[in-house]
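Coordinate inspection notes
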Amino acid sequence: TSHVLGEWFMKQFNVSFQDRNGNTSHPAYTSWGMSTRSIGGLISSHSDDKWLIIPPKLSEFKAVILPIYGKENETKVNEYVQNIAQKVTGSKVVSPCKWEYFKKFVGEGEVLVDYRNVRLWEKITDFELSGYPIRIECGERDIENNVCVIASRITWEKQVVSLDELNTTIARLLEEWQQELLKRSSERLKSNVVACSTLEDIGNALENGKFALYEWDKNPE
């Protein structure tokens, strides 16, 4: 948000300068800031029918880890999850979250772990609503093969990755998906701009939900 506030504020605070004619003048004051409307811009620019999408560079979490529990393997799976989280963040620091069954690992970036013992589809649904760019799934079968499954909230790609390659893969994918969102936004903007030469053209463009691009000859009519 930006505002031209004029000279009034500067006069009240006695701020002045000598202009080119040697007279005392007051500077015009402007106000610039980021407000909550930027959240609305993010949501409207990037979200889809599945709900929110957060660009990787703005995401609070690099990834959300979803442990897959079976019969009496919770401890084993949790140890594996902890290992994954420490690899991604480079840290053993664990911090509680406002949600009871969630924990976050804090280091080089943050990772959120969903420790709820519920069906996987329920965790996946909540992940999709959250908008975080990456989910990591891991269960007992993954432990046996020293791998995990990475899924994208942005492209819906899914791939099996070894733990040795996890960090480099996540860094590469986050950068690729950041560029993918920029590409989508740029193409959408370009396809929705309509060049207009008359007021009727402008009206038609706006009625069709487009951006009207036109020159104004400074004639009020």
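Below, the structure is looked at part by part. All figures in this text were calculated on a predicted structure; none of them were measured in a lab.

Moving on: the environment of Gly-90. Inspection of the secondary structure puts Gly-90 in the loop between α3 (74-89) and β6 (93-96). In this structure Gly-90 comes out as exposed when scored by relative accessible area, which is 64%. Taking the C-alpha atoms as reference points, Gly-90 and Trp-177, 87 residues apart in sequence, are found 22 Å from one another.

In this section: the sheet that holds strand β11 (residues 158-162). Across the sheet, which stays open at both edges, the seven strands sit in the order β6-β7-β8-β5-β9-β10-β11 with mixed pairing between neighbours. Pairing within the sheet leaves two strands with one partner each, and these edge strands are β6 and β11. Taking each pair of neighbouring strands and ignoring which way they run, the sheet shows an average axis angle of 30°. Relative to strand β8 (residues 109-114), strand β7 (residues 102-107) is paired through six bridges, and the arrangement is antiparallel. The residue bridging Gly-107 from the neighbouring strand is Gly-109, located in β8.

In the structure shown here, the tally under the stated rule is four aromatic pairs. Residues Trp-99 and Phe-102 carry aromatic rings whose centres are separated by 5.4 Å and whose planes lie at 65° to one another, so their mutual orientation is edge-to-face. By relative accessible area, which is 38% here, Trp-99 ends up partly exposed. What makes Phe-102 buried here is its relative accessible area of 14%. Ring-pair connections join several aromatic residues into one group, and the members of that group are Trp-8, Phe-9 and Tyr-29.

This part takes up the state of the cysteines. Scanning the model with the defined rule gives zero disulfides in all. Free of any disulfide, Cys-138 has its nearest neighbouring cysteine sulfur in Cys-148, separated by 6.6 Å. Judged by its relative accessible area of 0%, Cys-138 falls in the buried class.

Right, let's get into the side chain of Ser-25. Structurally, Ser-25 can be placed in strand β3 (residues 24-25). Polar side-chain contacts of Ser-25 include one of 2.9 Å to the side chain of Asp-19. Dropping the residues within four chain positions of it, Ser-25 is found in contact with Val-15, Ser-16, Phe-17 and Asp-19.

Let us look at a nonpolar patch on the surface. Together, Leu-5, Trp-8, Phe-9, Phe-13, Val-15 and Tyr-29 make up a nonpolar patch on the protein surface, roughly 590 Å² of accessible area in all. Among the structural elements, Leu-5 can be located in strand β1 (residues 2-6).

This next bit is on the pairing of β7. Inspection of the sheet shows β6 paired to β7 by four bridges, in the antiparallel sense. Opposite Val-94, over in β7, you have Phe-105 as the bridge partner. Joining the antiparallel neighbours β6 and β7 is a turn of five residues. Connecting β7 to the antiparallel partner β8 that follows it, the hairpin turn spans one residue.

Rules used throughout
- Residues numbered from 1 in each chain as written.
- Predicted model: local features only at pLDDT ≥ 70, side-chain atom pairs only at ≥ 80, totals over all residues.
- Heavy atoms only, no water.
- Helix = DSSP H or I, 4+ residues; strand = E, 2+ residues; numbered from the N terminus.
- Buried < 20%, exposed > 50% of the residue type's maximum accessible area, 1.4 Å probe, protein only.
- Pairing = 2+ DSSP bridges.
- Axes fitted to C-alpha atoms, helices over the stretch in contact; angles between N-to-C directions.
- Phe/Tyr/Trp six-rings, centres within 6.5 Å; stacked < 30°, edge-to-face > 60°.
- Disulfide = S-S within 2.5 Å.
- Polar contact = N/O pair within 3.5 Å; in protein donor to acceptor, adjacent residues only side chain to side chain.
- Contact = heavy atoms within 4.5 Å.
- Patch = residues over 30% accessible without salt bridge, like charges linked within 9 Å, V, L, I, M, F, W, Y side chains within 5 Å.
- Areas by Shrake-Rupley, 256 points an atom, 1.4 Å probe, with all protein chains shown as cover.
- Salt bridge = Lys/Arg side-chain N within 4 Å of Asp/Glu carboxyl O.

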